[in-house]
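Working through the structure, step by step
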Amino acid sequence: MRVIPIRDAATSPLLPEVTAPLAVDGPLLDRRGRSLRDLRISVTDRCNFRCIYCMPREVFGHDYPFLPREALLSFEEITRVARLFVAQGVRKIRITGGEPLLRKDLPRLIEMLAGLDGVELTLTTNGVLLPRLAPGLKAAGLHRVTVSLDALDDPTFRRMNDADFPVARVLDGIAAARDAGLGPVKVNMVVKRGTNDQGIEAMANHFRHSGHILRFIEFMDVGSSNGWKMDEVLPSREVVARIDRLFPLEPIDPNYEGEVAERWRYRDGAGEIGVISSVTHAFCSTCTRLRLSTEGKLYTCLFAQNGHDLRALLRAGADDERLHAAIAAVWRQREDRYSEIRTAATAAARKIEMSYIGG
Ligand code: SF4
């Protein structure tokens, strides 16, 4: 059976036509007054896991037509674009995928991006390749990593990630990141009611006193292939309440405006946790994130349906001013607030796959 790639079928035209040069004073704001601060760059659509909430095997099977190499933005193209984003206010770049550590020579890209002044350079990974790559990534200029870990016991881990890797490989990756100086490591657990929520307390207990920051993510209707249902969402307030019963917690202020996770710390000083509540407590009003897909399309929301093709401009020989103006035009037109308007109908609508634009 021919599998149809779940990518952006109907890409918007190249990019908004920009008539006047972009000499606008003050910060670049979207239609809801949000500034552009965070750029997430997907460097591959491939992954060595098949997480059921992101890349279910029945859709992303062995014959799934992943992007050919020439379709991916080159490191030079990514760095050129990133520099233009930094000129427009981006202060944090997160490298994502698929699984970014599968992209060949990734430390070379990190080194190129590390040359951008005043930018925090982070990366999200499933962790199993960190023991081999962490020291090189650190030496190349990476600041921090976030590692996904959805369970501590192998049977549940396999149910969530459908990958033939034991939990121990991810825990080794987290330790390698810490040892390489890529901490504090943030550890993300996607909670799916009825599949892995029984492990919440054990995860919390495991990471207490570790210095790592454990975050619990509500199961989201990202993409069009994870079979999302509202009754499989465990609201963050229940997660906090369950942990608080065992290990009393208190809320703490965000590190900066627009931080995705709500922060809580253990009253006994054992560290902090976070919850990311896109379904039950939307945070669109302070969303400062833009996503660049593996093949150079801009997405203004994780739940977008269409993107803007920056690669076409790049490969058509556009100069920096044209690219700069086009990026600004995309952001200025932005009014996304998907999590505020989510319904059963929107949840069922075709949306871009998270594995293609990064979380
Ligand atoms: S749903 Fe879209 S607009 Fe809202 S926080 Fe997420 S990415 Fe931002």
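Just so it is clear, the model here is predicted, and its values are computed rather than measured.

Conventions we followed
Residues numbered from 1 in each chain as written. Predicted model: local features only at pLDDT ≥ 70, side-chain atom pairs only at ≥ 80, totals over all residues. Heavy atoms only, no water. Helix = DSSP H or I, 4+ residues; strand = E, 2+ residues; numbered from the N terminus. Buried < 20%, exposed > 50% of the residue type's maximum accessible area, 1.4 Å probe, protein only. Phe/Tyr/Trp six-rings, centres within 6.5 Å; stacked < 30°, edge-to-face > 60°. Lys NZ or Arg CZ within 6 Å of the ring centre and 35° of its normal. Arc of directions from axis to C-beta. Contact = heavy atoms within 4.5 Å. Near = heavy atom within 4 Å. Nonpolar A, V, L, I, M, F, W, Y, C, P; charged D, E, K, R; others polar. Core = buried A, V, L, I, M, F, W, Y, C linked by side-chain atoms within 4.5 Å. pLDDT = per-residue confidence, 0-100. Pairing = 2+ DSSP bridges. Axes fitted to C-alpha atoms, helices over the stretch in contact; angles between N-to-C directions. Parallel < 35°, antiparallel > 145°, perpendicular 65-115°, else oblique. Left-handed = near helix turned anticlockwise from the far one by under 90°.

1. Quick notes on unusual backbone geometry
In the segment running from G97 into G98, the intervening peptide bond is cis, with an omega of 10°. Positionally, G98 belongs in the loop between β2 (92-96) and α2 (106-113). In this structure, D105 takes a positive phi of about 60° despite not being glycine. Structurally, the position occupied by D105 is in the loop between β2 and α2. One non-glycine residue with positive phi stands out, namely H209, at about 65°. Tracing the backbone shows H209 in the loop between α6 (200-207) and β6 (213-218). Accessibility expressed as a relative area gives 61% for H209, which makes it exposed.

2. A closer look at the packing of aromatic side chains
Each aromatic ring pair is described using two quantities: the centre-to-centre distance and the angle formed by the ring planes. Tallied over the entire structure, the rule returns seven aromatic pairs. Arranged with centres 4.8 Å apart and planes meeting at 65°, the rings of Y64 and F66 form a pair that is edge-to-face. The same class applies to Y64 and to F66, which are both buried. Ring-pair connections join several aromatic residues into one group, and the members of that group are F49, F157 and F165. The ring of Y266 is capped by R208, whose NZ or CZ atom sits 4.7 Å from the centre of that ring. The ring centre of F303 lies 5.1 Å from the NZ or CZ of R342, which sits over that ring.

3. Some details on α2
The set of residues buried in α2 consists of L106, L109, I110 and L113. For α2, the arc enclosing every buried residue in end-on projection is 100°, short of the 170-degree limit, so these residues lie on one face. In this structure, the buried residues of α2 make contact with α1 (75-87), β2, β3 (120-125) and α3 (130-140).

4. What to know about the site of the ligand
In the neighbourhood of the ligand, the contacting residues comprise F283, C284, C287, R289, R291, C301, L302, F303, R334, D336, Y338 and S339. At the level of secondary structure, the elements contributing two or more residues to the shell around the ligand comprise β10 (289-292) and α10 (338-341). For the shell around the ligand, the residue count by class is seven nonpolar, one polar and four charged.

5. Regarding the side chain of S355
Relative to the assigned elements, S355 resides in helix α12 (residues 354-357). Take S355: its relative accessible area is 4%, and that puts it in the buried class. Once residues lying within four places of it in the same chain are set aside, the contact partners of S355 are T44, D45, C54, M55, F60, G97 and G98.

6. Description of the nonpolar core
By size, the foremost hydrophobic cluster in this structure holds 117 residues, and its most contacted members are F85, I93, F216 and I243. Ranked by residues supplied to this core, first place goes to α1 with seven residues. In this structure F85 touches L36, L39, V90, L290, L298, L310 and I327, once residues within four positions along its chain are discounted.

7. What to know about the confidence of the model for the protein chain
One rule of thumb: low pLDDT means the predicted coordinates there are not for detailed reading. In the predicted model, the protein chain carries a mean pLDDT of 93, and the fraction of residues at 70 or more is 93%. With pLDDT under 50 throughout, residues 1-6 is counted as low confidence; its partners more than four residues away or in other chains account for 13 contacts. Within the model, pLDDT remains below 50 along residues 17-23, and this stretch shows eleven contacts once partners closer than five positions in the same chain are excluded.

8. Re the pairing of strand β5 (residues 186-191)
Within β5, six of the six residues are buried, leaving the element largely enclosed by the surrounding structure. What you see with β5 is no split at all: K186, N188 and V190 on one side and V187, M189 and V191 on the other are buried throughout. As defined by bridge partners, strand β4 (residues 144-148) adjoins β5 across three bridges and the pair is classed as parallel. Each residue of the ladder has a partner; that of V147, found in β5, is V187. Where β5 meets β6, six bridges bridge the pair, whose relative direction is parallel. What sits directly across from V191, in β6, is E218.

9. Concerning the environment of V187
Structurally, V187 can be placed in strand β5. Along the sequence, V187 and S148 sit 39 residues apart, while their C-alpha atoms lie 5.7 Å from each other. In contact with V187, not counting residues within four places along its chain, are V147, L149, I174, F207, H212, I213, L214 and R215.

10. Some details on the packing of α6 against helix α7 (residues 236-246)
It is the contact of α6 with α7, at a shortest axis distance of 10 Å, that shows an interaxial angle of 60°. As the angle between them shows, α6 and α7 are arranged oblique. In this structure, α6 meets α7 at a crossing whose hand is right-handed. Across from I200, E201 and A204 in α6, the residues of α7 making contact are V239, R242, I243 and L246. Here the contact of α6 with α7 is composed, by residue class, of five nonpolar, no polar and two charged.

11. Considerations on the environment of L116
Residue placement: L116 occurs in the loop between α2 and β3. On the basis of relative accessibility, which here comes to 10%, the residue L116 falls in the buried class. C-alpha separation for the pair L116 and R91, spaced 25 residues apart in sequence, amounts to 9.5 Å.

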